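# Reading the structure
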Amino acid sequence: MTTSPTVEEPMALAAARLRTAGMRVTAQRMAMLMAVYESAGHLDADTLRERAQRVTGRLSLQATYNVLRALTDAGLVRCTQIAGHPARYEVERHDNHHHFVCRDCGTIRDVECTVGAAPCMEAQLPEEYDIQEAAVTFWGVCPDCRAAAQPS
Ligand SMILES: [Zn+2]
Ligand SMILES: [Zn+2]
């Protein structure tokens, strides 16, 4: 593993986060967690793999998925499945936010939890059901695509 001054601090932070989550610290996990934290948005596994590889060297696609699954299971990373898109990963902030997806360009942006706490909405289910979360995808057209579609 090679470390340069620019990655030492985020690496240490990533290692601390792994330990806090009770995970064994490995170079691959640190690199992947850093890649997720350093992105503002919702990245797919391919993009994260490419970024993590700058730190770890070659990472197979299988290793990428294994690491992402472990980080997701540990509650450090949130994985969102959106129909017709590869799974997207972001920092798990436990804020129960939802997503808006643009039908034209595929842009994904966060939509705050409407109520402020999971599961966010009332489900029409008998009270015997323990409802823990609701994942809502709002589909529509983003401002950029709307502007582009306007006749000039
Ligand atoms: Zn769009
Ligand atoms: Zn999100």
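Reading the values: rules and limits
- Residues numbered from 1 in each chain as written.
- Chains lettered and ligands numbered in written order.
- Predicted model: local features only at pLDDT ≥ 70, side-chain atom pairs only at ≥ 80, totals over all residues.
- Heavy atoms only, no water.
- Pairing = 2+ DSSP bridges.
- Helix = DSSP H or I, 4+ residues; strand = E, 2+ residues; numbered from the N terminus.
- Axes fitted to C-alpha atoms, helices over the stretch in contact; angles between N-to-C directions.
- Donors = N, O, S within 2.8 Å, 3.2 Å for Na, K, Ca; no water.
- Tetrahedral: all angles 85-135°; square planar, octahedral: opposite > 155°, others 65-115°.
- Buried < 20%, exposed > 50% of the residue type's maximum accessible area, 1.4 Å probe, protein only.
- 1 Å grid on protein atoms, 1.4 Å probe; cavity = no way out; pocket = protein on both sides within 12 Å on 5 of 7 lines; lining within 4 Å.
- Points joined across faces, edges and corners; volume = space filled by probe spheres on them.
- Nonpolar A, V, L, I, M, F, W, Y, C, P; charged D, E, K, R; others polar.
- Domains from an automatic or database assignment.
- Contact = heavy atoms within 4.5 Å.
- Buried area = accessible area lost by both parts, 1.4 Å probe.
- Salt bridge = Lys/Arg side-chain N within 4 Å of Asp/Glu carboxyl O.
- Polar contact = N/O pair within 3.5 Å; in protein donor to acceptor, adjacent residues only side chain to side chain.

## A few points about the sheet that holds strand β5 (residues 108-111)
- With mixed pairing, 3 strands are arranged side by side in an open sheet as β5-β4-β6. Single-partner strands in this sheet number two, and they are β5 and β6 (137-140). Strand-to-strand, the axes of this sheet are offset by a mean angle of 25°, without reference to chain direction.

## Side note on the coordination of the zinc ion (ligand 1)
- Only Cys102 (SG), Cys105 (SG), Cys142 (SG) and Cys145 (SG) from the protein coordinate the zinc ion (ligand 1), and they sit 2.2 to 2.3 Å from it.
- Coordination at the zinc ion (ligand 1) is tetrahedral, judged from the 4 donor atoms that bind it and the angles of 105 to 114° they form at the metal.
- Under the relative-accessibility criterion, Cys142 is labelled buried at 7%.

## Observations concerning the layout of surface pockets
- Quantified by volume, the largest pocket comes out at close to 320 Å³.
- Considering the residues around the largest pocket, the lining is formed by 16 residues, among which Arg78, Glu92, Asn96, His97 and Glu133 are closest to the centre.
- At the level of elements, β2 (77-80) and β4 (98-102) are the ones that each hand at least two residues to the lining of the largest pocket.
- At 3 residues, the largest contribution of residues to the lining of the largest pocket is made by β2.
- Grouping the constituent residues of the lining of the largest pocket by class yields 5 nonpolar, 7 polar and 4 charged.
- Looking at which domains feed residues into the lining of the largest pocket, each of domain 1 (5-88) and domain 2 (95-149) supplies at least three.

## A look at the domain arrangement of the protein chain
- Here the domain parsing of the protein chain yields domain 1 (5-88) and domain 2 (95-149).
- Each of domain 1 and domain 2 has a C-alpha centre, and these two points are 24 Å apart.
- Facing the 7 residues of domain 1 at the interface are 11 residues of domain 2.
- Taken together, the two surfaces of domain 1 and domain 2 that pack against each other cover about 710 Å², and 61% of this comes from carbon and sulfur.
- Taken together, the links from domain 1 to domain 2 amount to 0 salt bridges.
- Counting across the interface, domain 1 meets domain 2 through 3 residue pairs in polar contact (both at pLDDT 80 or more).
- Broken down by class, the residue content of the side of domain 1 that touches domain 2 amounts to 2 nonpolar, 3 polar and 2 charged.

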